[in-house]
Amino acid sequence: MSRTVIVSHSHPNLRYGGGEVAAYRQFQHLLSLGQDVHFVGSTIGPEDSDRFFGPSQQVISFGPRDFCLRGRGMDGFTMEHADIRDEDWIFEFLLALRGDVYHFHHFWNIGAGTIRRLRTALPDSKFICTLHEMTAICANHGQMVKRSGELCHASSEVSCASCIARPPIDFVLRKARMQEMLEQFDHLLSPSEFLRQRFEDWGVTPGRISVIENGLDHLAEIASETAAEMQVKSGRFAFFGQATPTKGLDVLVRAAALIEARDETFTVPLSIEIHGVDRDSFSRMWPDLEIPASVHFRGRYRPQDCIDIMRGYGWIIIPSIWWENSPVVIQEARAAGTPMIASDIGGMAEKTQGWGLQFRTADPAALASAILSVHGDVDILTDYRSRITAPLDLAGFAAEWGEACDIAFDQMQEIPNIGKRMNA
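Nothing here was measured: the structure is a model prediction, and the numbers come from that model.

Thoughts on empty space enclosed by the protein
Argument step 1. Under the definition given, this model contains two cavities of 30 Å³ or more.
Argument step 2. In this structure, the largest cavity occupies an estimated 120 Å³ of space.
Argument step 3. Around the largest cavity, the lining is made up of 14 residues, and of these Cys138, Asn140, Cys152, Cys160 and Cys163 lie nearest the centre.
Argument step 4. For the lining of the largest cavity, the element with the highest residue contribution is helix H5 (residues 157-164), accounting for four residues.
Argument step 5. When grouped by side-chain class, the residues that make up the lining of the largest cavity number 10 nonpolar, three polar and one charged.
Argument step 6. The space that makes up the second largest cavity amounts to roughly 40 Å³.
Argument step 7. Every residue lining the second largest cavity is listed: His106, Phe107, Cys129, Thr130, Leu131, His132, Glu133, Thr135 and Ala136.
Argument step 8. Considering only residue class, the lining of the second largest cavity consists of four nonpolar, four polar and one charged.

Following this line, the structure appears as structure tokens:
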């Protein structure tokens with residue numbers, strides 16, 4: 001039996017983000033099938049490491065096949081570790097697992113140098129990478145949002161230099177290094193057509209990227225509801241996510257304030273509930289924003305409870321101000337049978353097409369109008385719910401992933417990979 005090693009930039013037991021959750025769900029599914037599979041995550045940097053690890057501890061074991069490495073942070077521009085000793089032990093740990101397939105969900109915290117060395121040491125193993133966002137293209141956290149807040153539509157050494165304040169030649173060299181790193185992989189995966197197109201426009205050879213949506217477990221079929229229950233839900237809206245500047249939570253709160261300023265009396269009460277963020281965290285990030293009476297903070301939630309919680313709402317709002325690739329919250333909303341109101345760019349526009357409303361990104365007035373256009377309207381809610389199709393389940397993902405592994409094997413046979421050339 002071949003051995004698969006799934007590698008993620010973080011571990012969902014310590015930090016709940018879309019990429020690490022997708023990677024971990026893949027691991028759990030393959031494990032349930034009796035496959036020989038290991039999961040290796042990491043902490044984000046020194047702050048997380050100091051909180052979860054002892055002074056000399058390097059690894060947390062959540063099970064005989066489930067590990068989290070101590071991440072000490074890395075250079076986000078070069079994607080390399082500052083101290084070669086950090087790269088050494090991560091490389092040695094991954095090498096010791098002797099995987100036949102290494103599937104990387106990101107390379108942050110793992111390091112480009114680690115991947116190059118592992119590729120050289122294991123020339124006959126398959127190397128696959130899921131591109132969860134645009135870190136290889138964009139040095140500003142992979143989000144292609146300029147530091148001025150303006151959306152960036154394409155990278156270039158001049159525009160990147162003006163944004164990051166480094167010489168243009170640095171970005172010429174960075175692009176060459178990032179493209180060389182991606183060449184280490186036998187095949188690349190993208191959860192959205194949008195992201196695939198961005199990478200091909202940037203220089204990845206067409207045909208090297210397969211589009212496979214992240215897998216998600218489904219729950220039982222959604223039960224029918226009474227007219228009275230639907231009426232209540234038509235006034236209930238929710239946000240699921242984190243309090244980061246690009247998630248657009250401030251846009252949502254500003255939209256709620258605009259609605260409140262209209263001083264209307266609603267037949268169906270308006271409620272906007274925030275899951276994953278508490279009031280104090282929000283206030284620390286946006287201290288000058290007053291919180292309208294319709295907005296309620298519910299704090300953290302268990303990932304396994306998310307779909308059940310979503311079923312209690314009429315609409316899920318995703319107001320991110322960056323492109324987003326394939327947010328797991330969109331798949332969870334589909335599994336819950338709950339339509340969305342989403343920003344009109346990137347993977348959000350692609351993934352909610354036909355069953356969700358879209359509004360102009362970063363525009364609180366546009367979001368307020370979208371909320372008011374459906375608030376209290378059972379007919380609209382029923383119509384949009386009927387358009388939702390179930391997301392790809394983990395069995396379907398595993399089947400498509402297996403095909404991608406076969407493609408990787410074929411490409412290994414046709415074109416010797418860099419690791420083999422380096423060993424020659």
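A closer look at the pattern of salt bridges
Argument step 1. This model, assessed by the stated rule, comprises 28 salt bridges.
Argument step 2. Between Glu213 and Lys351 there is a salt bridge, and its shortest N-O distance comes to 3.3 Å. Pair noted here: Glu213 is in the loop between strand S8 (209-211) and helix H8 (227-233) and Lys351 is in helix H13 (residues 346-351), with a separation of 138 residues, a long-range link.
Argument step 3. Residue class for Lys351 comes out buried when judged on its relative accessible area of 12%.
Argument step 4. Across the salt bridge formed by Asp308 and Arg311, the nearest N and O atoms sit 3.9 Å from each other.
Argument step 5. One network of salt bridges, with partners in common, ties together Glu80, Arg116, Arg177 and Glu180.

Focus on the sheet that holds strand S13 (residues 340-343)
Argument step 1. Spatially, the six strands line up as an open sheet ordered S11-S10-S9-S12-S13-S14, and their pairing is parallel. Edge positions in the open sheet fall to strand S11 (295-299) and strand S14 (356-359), since each of these has one partner strand only. On average, each strand axis in the sheet is tilted by 25° relative to the strand beside it, whichever way the strands run.
Argument step 2. For S13 and S14, the ladder comprises four bridges, and the chain directions are parallel. Within the sheet, the bridge partner assigned to Ser343 lies in S14 and is Phe359.
Argument step 3. Here helix H9 (residues 249-261) sits on the sheet and contacts strand S9 (236-240), strand S10 (271-275), S11 and strand S12 (315-318); the angle it forms with S10, its principal contact strand, is near 160°.
Argument step 4. Sitting on the sheet, helix H12 (residues 328-336) is in contact with S9, S12 and S13, with an inclination near 170° to S12.

Some thoughts on the sheet that holds strand S6 (residues 126-130)
Argument step 1. What the eight strands build is an open sheet, ordered S3-S4-S2-S1-S5-S6-S7-S8; its pairing is mixed. Every interior strand has two partners, whereas the edge strands, strand S3 (59-63) and S8, have only one. Going across the sheet, the axis of each strand differs from the next one's by a mean of 20°, ignoring polarity.
Argument step 2. Across five bridges, strand S1 (residues 3-8) lies against strand S2 (residues 36-42) in parallel orientation. When the bridges of S2 are listed, Val7 appears paired with Val40.

Details of the side chain of His106
Argument step 1. Residue placement: His106 occurs in the loop between strand S5 (101-105) and helix H4 (112-121).
Argument step 2. Owing to a relative accessible area of 7%, His106 belongs among the buried residues under this scheme.
Argument step 3. At 2.8 Å, the side chain of His106 and the side chain of Glu133 are in polar contact.
Argument step 4. Each residue touching His106, except ones within four places of it in the same chain, is listed here: His9, Cys129, Thr130, His132, Glu133 and Thr135.

Details of helix H14 (residues 364-374)
Argument step 1. Turning to H14, its buried residues number three or more, namely Pro364, Leu367, Ala368, Ala370, Ile371 and Val374. Burial along H14 is one-sided: seen end-on, the buried residues are contained in an arc of 160°.
Argument step 2. Its side-chain oxygen 3.0 Å from the backbone nitrogen of Ala365, Asp363 forms the N-cap of H14.
Argument step 3. Positive phi appears at Gly376, one or two residues downstream of H14, with a value of about 75°.

Comments concerning the pairing of S9
Argument step 1. Most of S9 is tucked away, with four of its five residues classed as buried.
Argument step 2. In this sheet, S10 lies alongside S9 in parallel orientation, the contact comprising five bridges. Within S10, the position partnered with Arg236 by the bridge is Ser271.
Argument step 3. Relative to S12, S9 is paired through two bridges, and the arrangement is parallel. Note that in S12 the partner of Ala238 across the bridge is Ile316.

Let's talk about the nonpolar core
Argument step 1. Counting residues in hydrophobic clusters, the biggest one holds 68 residues, and the most contacted among them are Phe104, Leu182 and Phe199.
Argument step 2. With six residues, helix H3 (residues 84-96) is the single largest residue contributor to this core.
Argument step 3. Beyond its immediate chain neighbours, meaning those up to four positions away, Phe199 contacts Leu131, Glu133, Met134, Ala136, Ile137, Leu182, Val204 and Ile209.
Argument step 4. Counting residues in hydrophobic clusters, the runner-up holds 34 residues, among them Phe237, Val253, Ile291 and Ile317.

Definitions and limits used
- Residues numbered from 1 in each chain as written.
- Predicted model: local features only at pLDDT ≥ 70, side-chain atom pairs only at ≥ 80, totals over all residues.
- Heavy atoms only, no water.
- 1 Å grid on protein atoms, 1.4 Å probe; cavity = no way out; pocket = protein on both sides within 12 Å on 5 of 7 lines; lining within 4 Å.
- Points joined across faces, edges and corners; volume = space filled by probe spheres on them.
- Helix = DSSP H or I, 4+ residues; strand = E, 2+ residues; numbered from the N terminus.
- Nonpolar A, V, L, I, M, F, W, Y, C, P; charged D, E, K, R; others polar.
- Salt bridge = Lys/Arg side-chain N within 4 Å of Asp/Glu carboxyl O.
- Buried < 20%, exposed > 50% of the residue type's maximum accessible area, 1.4 Å probe, protein only.
- Pairing = 2+ DSSP bridges.
- Axes fitted to C-alpha atoms, helices over the stretch in contact; angles between N-to-C directions.
- Contact = heavy atoms within 4.5 Å.
- Polar contact = N/O pair within 3.5 Å; in protein donor to acceptor, adjacent residues only side chain to side chain.
- Arc of directions from axis to C-beta.
- Core = buried A, V, L, I, M, F, W, Y, C linked by side-chain atoms within 4.5 Å.

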